[in-house]
Amino acid sequence: MTVQTKRHALVAGGASGIGAAAASHLAADGVAVTIVDLDQSGGRRVAEEIGACFLTADLTNYAAVRETIATRGPFDILVNSAGVDQHAFFTRTSPQEWAKLIAVNLIAVLNTTHAVLPSMQERRYGRIINVASEAGRLGSRGGAVYAAAKGGVIAFTRSIARESGAMGVTANVVTPGPIDTPLLRRAVSEGGDKLMGAMTSATLLDRLGSPDEVAAAIAFLASERAGYITGEALGVSGGMGCGA
Ligand SMILES: NC(=O)c1ccc[n+]([C@@H]2O[C@H](COP(=O)([O-])OP(=O)(O)OC[C@H]3O[C@@H](n4cnc5c(N)ncnc54)[C@H](O)[C@@H]3O)[C@@H](O)[C@H]2O)c1
């Protein structure tokens, strides 16, 4: 399908890191961008820089997501990049911490998808790109619940691809490795310098990635050039997931 009008993207978690870079790449590609995030100051700053619209919502709150998103749209592209991580061995974590990790990393993806997908299906066009993690394919020492949530995002994305392909909607997931963002810096401050060394040496390129390197993959998957790609998990991880 060739889209004649300017496409509109919703970037959830676009106030920082990978989401902010994805919003910027999409805007540079001529897409109208709406960012939704809990972080008002970061969201407003990014939106102003790239000429996007900013909405604030807690993405874990189903009613708030529906109400907020209904003020804009319809959306042709959905990028889910909101996330939180925590470095701790599973036996030292609490059910309250599991609930937060699962809510932000998995339930938020269900919430935005439930709000946006019906109109994509009706209009027979959509691009969904979710940001999971190599942890969701490989597991994570010190991030078991995060990895479980990200594994859920991968399976969910593929399921949506199966349900929506015949309605012109593609759904793909990127699985970043260690990317230099505030989220990674917070995890390193909890896990210490050894964690940073372990993360970089787990990549074949022996370095952290940049948010722009993940955003380039997201922008490609959102583009018309990726129209025949769906249900895929694309590692952007310096080869960390090689062979997985
Ligand atoms: N940085 C990495 O090394 C790395 C690796 C693998 C996967 N990821 C994933 O990439 C995505 C982006 O992470 P990042 O590294 O850019 O982190 P980041 O902290 O820079 O950005 C995450 C954004 O999510 C927003 N957010 C968090 N909870 C929210 C909520 N309840 N409602 C609305 N917004 C909320 C934050 O305000 C922030 O703007 C996440 O899903 C993360 O799990 C990151």
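Undergrad: Explain the site of the ligand to me, using residue names and the numbers behind them.
TA: Taken together, 31 residues sit near the ligand, with Ser 16, Ile 18, Asp 37, Tyr 146 and Thr 181 positioned nearest. Contact between the ligand and Asp 37: an oxygen atom at 2.6 Å from a side-chain N or O atom of the residue. Within the contact set of the ligand, an oxygen atom lies 2.6 Å away from a side-chain nitrogen or oxygen of Tyr 146. In the complex, 93% of the free accessible area of the ligand, which totals 830 Å², lies under the protein chains. Elements represented by at least two residues in the shell around the ligand include exactly helix H1 (17-28), helix H4 (95-123), helix H6 (144-164) and helix H7 (182-191). Sort the elements by how many residues they give to the shell around the ligand and H7 lands first, with four residues. Of the residues that constitute the shell around the ligand, the class distribution is 16 nonpolar, ten polar and five charged.

Undergrad: How would you sum up empty space enclosed by the protein? Please name residues and give values.
TA: Scanning the model with the defined rule gives two cavities of 30 Å³ or more in all. Roughly 50 Å³ of internal volume is contained in the largest cavity. The wall of the largest cavity is formed by Gln 86, Ala 88, Phe 90, Thr 93, Leu 101, Gly 142, Gly 143, Ala 144, Val 145 and Tyr 146. Top element by residues in the lining of the largest cavity is H6. It accounts for three residues. Tallied by class, residues from the lining of the largest cavity come to six nonpolar, four polar and no charged. Taken as a whole, the second largest cavity spans an internal volume of roughly 40 Å³. The wall of the second largest cavity is formed by Ala 12, Leu 59, Asn 80, Ser 81, Ala 82, Val 104, Ala 108 and Val 109. Among the elements that line the lining of the second largest cavity, the one with the most residues is H4, at three residues. Within the lining of the second largest cavity, the residues separate by chemical class into six nonpolar, two polar and no charged.

Undergrad: Outline the layout of surface pockets, listing residues and values.
TA: Within this model, the second largest pocket holds a volume of roughly 150 Å³. Every element with two or more residues in the lining of the second largest pocket is listed here: helix H3 (62-69) and H4. Looking at the lining of the second largest pocket element by element, the count peaks at three residues for H4. Across the lining of the second largest pocket, the residue classes break down as six nonpolar, two polar and two charged.

Undergrad: Provide a residue-level description of the packing of H4 against H6, including the pertinent values.
TA: Packing of H4 against H6 brings their axes to within 8 Å, and their N-to-C directions diverge by 15 degrees. The orientation of H4 with respect to H6, classified from their angle, is roughly parallel. Between H4 and H6 the crossing geometry is right-handed. Along its contact with H4, which presents Trp 98, Leu 101, Ile 102, Asn 105, Leu 106, Val 109, Leu 110, Thr 113, Leu 117 and Gln 121, the element H6 presents Val 145, Tyr 146, Ala 149, Lys 150, Gly 152, Val 153, Phe 156, Ile 160 and Ser 164. Looking at the contact of H4 with H6 residue by residue, the classes come out as 13 nonpolar, five polar and one charged.

Undergrad: Could you give an account of the pairing of strand S1 (residues 8-12), naming the residues involved and the relevant values?
TA: Burial of S1 is extensive: five of the five residues sit out of reach of the surface. By the bridge criterion, five bridges tie S1 to strand S2 (residues 32-37) in an arrangement that is parallel. Residue His 8 lies in a different strand from S2, and its bridge partner there is Ala 32. Since S1 and S2 lie parallel, the crossover through H1 that links them has a hand, and here it is right-handed. With four bridges joining them, S1 and strand S4 (residues 77-80) adopt parallel strand pairing. In the sheet register, Ala 12 faces S4, and the bridge partner there is Asn 80.

Undergrad: Just give me the short version of the packing of aromatic side chains, but keep the residues and values in it.
TA: In this structure the tally under the stated criterion is one aromatic pair. Centroid distance Phe 90 to Trp 98: 5.2 Å. Interplanar angle 20 degrees. Geometry classified as stacked.

Undergrad: Tell me about unusual backbone geometry, and please be specific about residues and values.
TA: If a residue is not glycine, its phi is most likely negative; likewise, a peptide bond is most likely trans. Of note, the bond from Gly 73 into Pro 74 is cis; its omega dihedral lies within 30 degrees of zero at 5 degrees. As for its position among the elements, Pro 74 is in the loop between H3 and S4. With a phi close to 55 degrees, Arg 124 is a non-glycine residue in the positive phi region. Residue classification places Arg 124 among the partly exposed positions, given a relative accessible area of 47%. Phi at Asp 206 is positive, roughly 55 degrees, even though this residue is not glycine. Along the polypeptide, Asp 206 turns up in the loop between helix H8 (193-201) and helix H9 (211-222).

Conventions and cut-offs
Residues numbered from 1 in each chain as written. Predicted model: local features only at pLDDT ≥ 70, side-chain atom pairs only at ≥ 80, totals over all residues. Heavy atoms only, no water. Near = heavy atom within 4 Å. Polar contact = N/O pair within 3.5 Å; in protein donor to acceptor, adjacent residues only side chain to side chain. Areas by Shrake-Rupley, 256 points an atom, 1.4 Å probe, with all protein chains shown as cover. Helix = DSSP H or I, 4+ residues; strand = E, 2+ residues; numbered from the N terminus. Nonpolar A, V, L, I, M, F, W, Y, C, P; charged D, E, K, R; others polar. 1 Å grid on protein atoms, 1.4 Å probe; cavity = no way out; pocket = protein on both sides within 12 Å on 5 of 7 lines; lining within 4 Å. Points joined across faces, edges and corners; volume = space filled by probe spheres on them. Axes fitted to C-alpha atoms, helices over the stretch in contact; angles between N-to-C directions. Parallel < 35°, antiparallel > 145°, perpendicular 65-115°, else oblique. Left-handed = near helix turned anticlockwise from the far one by under 90°. Contact = heavy atoms within 4.5 Å. Buried < 20%, exposed > 50% of the residue type's maximum accessible area, 1.4 Å probe, protein only. Pairing = 2+ DSSP bridges. Right-handed = clockwise from strand over helix to strand, strands pointing away. Phe/Tyr/Trp six-rings, centres within 6.5 Å; stacked < 30°, edge-to-face > 60°.

Functional significance is not addressed by these values, which are geometric in nature.
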